[in-house]
Amino acid sequence: MATLPVPSFSAARAGLCLALMLVAAPVAAGWPFNLFSPPEFSDQTRDVIFVGNNWEGTVNVIDAETYEPLGTINAIPDKSQRITEIYLNPVRLLFFQGVRLLIGEGNHQYVDDMYSSNDGRLLVVSRPSFADVVALDVITGEVVWRFQVDGYRSDHMAISPDGKHVAVSASTGGVVHVLDVATGEEVGNFPSGDSPHENIYSEDGERIFHAAIGQVFTPLDRGRVVKQLTKGERLFQIVDAETFEIIKRFDLREKLDEAGYTHLSPAIRPMAHTDDERYFYFQVSFFHGFLEYDMEEDRVTRLAHLPNLVPNLPREKYVNDSAHHGIALSGDQSTLCVAGTMSDYVAIVSRETFEYTIFTGIGEKPYWVTTSGDGEHCYISWSGTDQMSVFSYESGQEVARLDVGDHPQRVREGRILENWLTP
């Protein structure tokens with residue numbers, strides 16, 4: 001029988017010294033962990049920009065100050081489970097494929113909107129093709145809670161100013177759910193028209209501004225009577241954020257007719273408003289520009305025309321009826337940043353005069369605009385060329401551009417735990 005050699009005293013001492021060096025080296029080098037204990041998690045957070053990549057199912061994380069790419073979060077870690085459930089339910093499978101063909105331009109929609117919790121621990125994501133909202137643990141990547149919306153598709157969201165609630169549109173369910181960010185439990189809901197879409201909380205968190213856009217995927221867009229019959233109920237609503245009672249509700253069709261804009265669609269797309277919430281700036285289906293609405297006088301006050309660079313493109317080929325899709329207002333209320341979706345441009349527009357400068361040749365199909373927290377920049381997603389731009393309101397120039405994932409749409413500022421960045 002072979003015997004194992006017994007190490008000499010010198011060899012044993014050398015081995016002990018080596019072990020001590022391995023333990024001590026990380027500490028001496030300033031590493032946040034050693035070989036024998038897990039990292040200590042802190043509550044420190046970093047301000048970031050989240051970019052949701054709808055077709056890819058990922059979220060890019062970007063430093064909000066330096067615009068340095070920090071990493072990517074998988075928004076569909078439970079994809080296999082969700083797909084299995086869908087294929088076992090013929091009705092859900094029909095809608096799953098319908099979303100891909102009619103709305104997703106041949107692609108499944110995995111990330112529409114996202115917000116982080118105030119403590120940076122959770123990322124709440126609406127996932128249209130899965131008809132749900134999930135909260136992801138940013139450290140583990142696991143699903144903490146999941147809420148399945150009414151109907152078969154989830155859409156735009158809004159987070160309350162205190163970060164406690166998130167409102168999500170159930171676009172085929174005709175309702176907006178309001179969820180507790182920490183638990184995913186529904187705290188209330190309110191009815192909408194056809195295809196609930198945009199949601200925005202008031203600055204004080206007491207109201208929710210909401211719009212339903214109607215059936216944007218129907219091809220019958222010619223003729224007023226045909227549109228009224230096929231596009232469904234298109235509404236704007238102001239809702240009490242505590243009781244969920246509807247405070248105000250109107251069809252923009254009536255307001256447009258009163259202002260003499262009978263040719264415009266009443267389907268409200270993205271919107272922005274002044275700090276006092278008197279003036280709203282609405283984008284509407286098929287229109288290259290936007291309109292100004294005075295909530296105090298309850299009427300359309302002005303119309304801003306922006307260039308149509310695709311005059312020969314049939315309206316039926318506009319992506320989900322969007323000529324433009326994305327509008328934001330600068331922090332000082334003087335300038336609007338507008339996404340010219342079908343014309344592939346960004347417009348910087350004076351709020352006072354509606355004079356504008358357009359920027360072309362940057363990317364394709366801009367699909368969302370968000371103003372930075374300090375009010376000095378606007379973020380634009382280029383869904384056709386998989387990039388995000390940062391524009392300065394003061395200079396009117398692009399100051400940064402980053403590659404992101406497949407078909408970026410919503411861009412939101414938020415927080416993430418510093419530990420998410422630990423090696």
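Heads up: these notes are all about the structure in this document. (Residues numbered from 1 in each chain as written. Predicted model: local features only at pLDDT ≥ 70, side-chain atom pairs only at ≥ 80, totals over all residues. Heavy atoms only, no water.)

Describing the pairing of strand 12 (residues 196–201)
Selection rule: Accessible area is worked out with a 1.4 Å probe on protein chains only. A residue is then buried under 20% of its type maximum, exposed over 50%, and partly exposed in between. A run of H or I in DSSP counts as a helix once it spans at least four residues, and a run of E counts as a strand once it spans at least two, with each numbered from the N terminus. By definition, two strands form a pair when at least two bridges between them are found by DSSP.
The buried count for strand 12 comes to six of six residues, which makes it a mostly enclosed element. Sheet topology note: the strand 12/strand 13 (residues 207–212) ladder contains four bridges and is antiparallel. From the neighbouring strand, Tyr201 faces strand 13, where its bridge partner is Ile208. The antiparallel hairpin formed by strand 12 and strand 13 contains five residues in its connecting segment, where Gly205 sits at a positive phi of about 75°.

Thoughts on the state of the cysteines
Short version of the rule: Criterion for a disulfide: a pair of cysteine sulfur atoms at a distance within 2.5 Å.
Evaluation of the coordinates by the stated rule reveals one disulfide. Between the sulfur of Cys337 and that of Cys378 lies a disulfide, 2.4 Å long from S to S. Taking the torsion about the S-S bond as the criterion, the Cys337 to Cys378 disulfide, at about 55°, is right-handed. Separated by 41 residues along the polypeptide, Cys337 in strand 21 (residues 335–340) and Cys378 in strand 25 (residues 377–382) bring together distant segments of the chain. For Cys337, a relative accessible area of 0% puts it in the buried group.

A word on a nonpolar patch on the surface
To be explicit about the condition: Patch membership requires over 30% relative accessible area and the absence of a salt bridge. Like charges are linked within 9 Å, and nonpolar side chains (Val, Leu, Ile, Met, Phe, Trp, Tyr) within 5 Å. Computed with a 1.4 Å probe, the accessible areas rest on the Shrake-Rupley method; for each residue, only the protein chains presented here act as cover. Counted as salt bridges are all cases of a side-chain nitrogen of Lys or Arg within 4 Å of a carboxyl oxygen of Asp or Glu.
On the surface, a nonpolar cluster with roughly 280 Å² of combined accessible area is contributed by Val91, Leu94 and Phe95. Among the secondary structure elements, Leu94 is positioned in helix 3 (residues 90–103). We classify Leu94 as exposed; its relative accessible area is 62%.

Quick notes on helix 3
What counts, and what does not: Here the expected length of a helix is defined as 1.5 Å per residue gap, with one fewer gap than residues. Each C-beta atom gives one direction from the helix axis, and the arc is the one those directions make. Contact definition: two residues touch when any of their heavy atoms are within 4.5 Å. Pairing of N or O atoms within 3.5 Å defines a polar contact, subject to two protein rules: one partner must be a possible hydrogen donor and the other a possible acceptor, and residues neighboring in sequence count only if both atoms are side-chain atoms.
Between its first and last C-alpha atoms helix 3 spans 19 Å; for 14 residues at 1.5 Å apiece the expected length is 20 Å, and the two agree. All of the buried residues along helix 3 are Arg92, Phe96, Val99 and Ile103. The arc enclosing the buried residues of helix 3, seen along the axis, measures out at 90°, which places them on a common side. Among the exposed residues of helix 3, those pointing more than 90 degrees away from its buried face are Pro90, Leu94, Leu101 and Leu102. Buried positions along helix 3 lie against helix 2 (79–87) and strand 7 (143–148). Two to three positions downstream of the cap, the backbone nitrogen of Val91 sits 3.1 Å from a side-chain oxygen, assigning the N-cap of helix 3 to Asn89. Just downstream of helix 3, Glu105 is the residue with a positive phi angle, here 55°.

Structural notes on the side chain of His156
When you line up the elements, His156 lands in strand 8 (residues 154–159). A polar atom in the side chain of His156 sits 3.0 Å from the side chain of Glu198. When residues no more than four places from it in sequence are discounted, the contact partners of His156 are Asp112, Asp113, Ala167, Val168, Ser169, His197, Glu198, Asn199, His325, Trp368 and Arg410.

Notes on the layout of surface pockets
Stated precisely, the cut-off is as follows: Cavity means a closed set of points on a 1 Å grid over the protein atoms alone, one where a 1.4 Å probe fits but cannot get out, pocket means an open set with protein on both sides within 12 Å along at least 5 of 7 lines, and lining means a residue has an atom within 4 Å of a point. Grid points are joined across faces, edges and corners, and a volume is the space filled by probe spheres set on the points. Each residue is assigned to one class: nonpolar for Ala, Val, Leu, Ile, Met, Phe, Trp, Tyr, Cys and Pro, charged for Asp, Glu, Lys and Arg, and polar for all the others, Gly among them.
Reported here for the largest pocket is a volume of approximately 1200 Å³. If you go around the largest pocket, you meet 38 residues; those closest to its centre are Ile200, Glu203, Thr370, Thr371 and Arg412. Of all elements in the fold, only strand 4 (113–116), strand 8, strand 12, strand 16 (268–273), strand 20 (327–329), strand 24 (366–371) and strand 28 (408–417) reach the threshold of two or more residues within the lining of the largest pocket. Looking at the lining of the largest pocket, the element that brings in the most residues is strand 28, giving five residues. Split into classes, the residues belonging to the lining of the largest pocket amount to 14 nonpolar, 17 polar and seven charged.

Comments concerning the pattern of salt bridges
One pass over the full model with this rule turns up 26 salt bridges. Residue Arg82 is joined to Asp78 by a salt bridge in which the shortest nitrogen-to-oxygen separation is 2.6 Å. Residue Arg82 is classed as buried on the basis of its relative accessible area of 6%. Connected through shared salt-bridge partners, Asp78, Arg82, Glu85, Arg127, Asp132 and Arg146 make up one network.

Remarks on the nonpolar core
Convention followed: We call a set of buried residues a nonpolar core when its members are Ala, Val, Leu, Ile, Met, Phe, Trp, Tyr or Cys and they connect through side-chain atoms within 4.5 Å of each other.
Formed by 22 residues in total, the largest nonpolar core has its most connected members in Phe50, Val59, Val61, Ile73, Leu123, Val125 and Ile416. When neighbours within four sequence positions are excluded, Ile416 is seen to be in contact with Gln44, Thr45, Arg46, Val48, Phe50, Val61, Ile73, Gly120 and Val138. Within the second largest apolar cluster, 20 residues are counted, among which are Phe236, Ile238, Phe250 and Leu264.

Section: the packing of helix 2 against helix 3
For any two helices packed against each other, the geometry is given by the interaxial angle and the distance between the axes. Inclusion rule: Helix axes are fitted to C-alpha atoms over the stretch in contact, other axes to C-alpha atoms as well, and angles between N-to-C directions run from 0 to 180 degrees.
Packing of helix 2 against helix 3 leaves a shortest axis separation of 7 Å and a crossing angle of 115°. The residues of helix 3 that touch helix 2, namely those facing Ile83, Glu85, Ile86 and Tyr87, are Arg92, Leu93, Phe96 and Gln97. Residue composition of the contact of helix 2 with helix 3, by class: five nonpolar, one polar and two charged.

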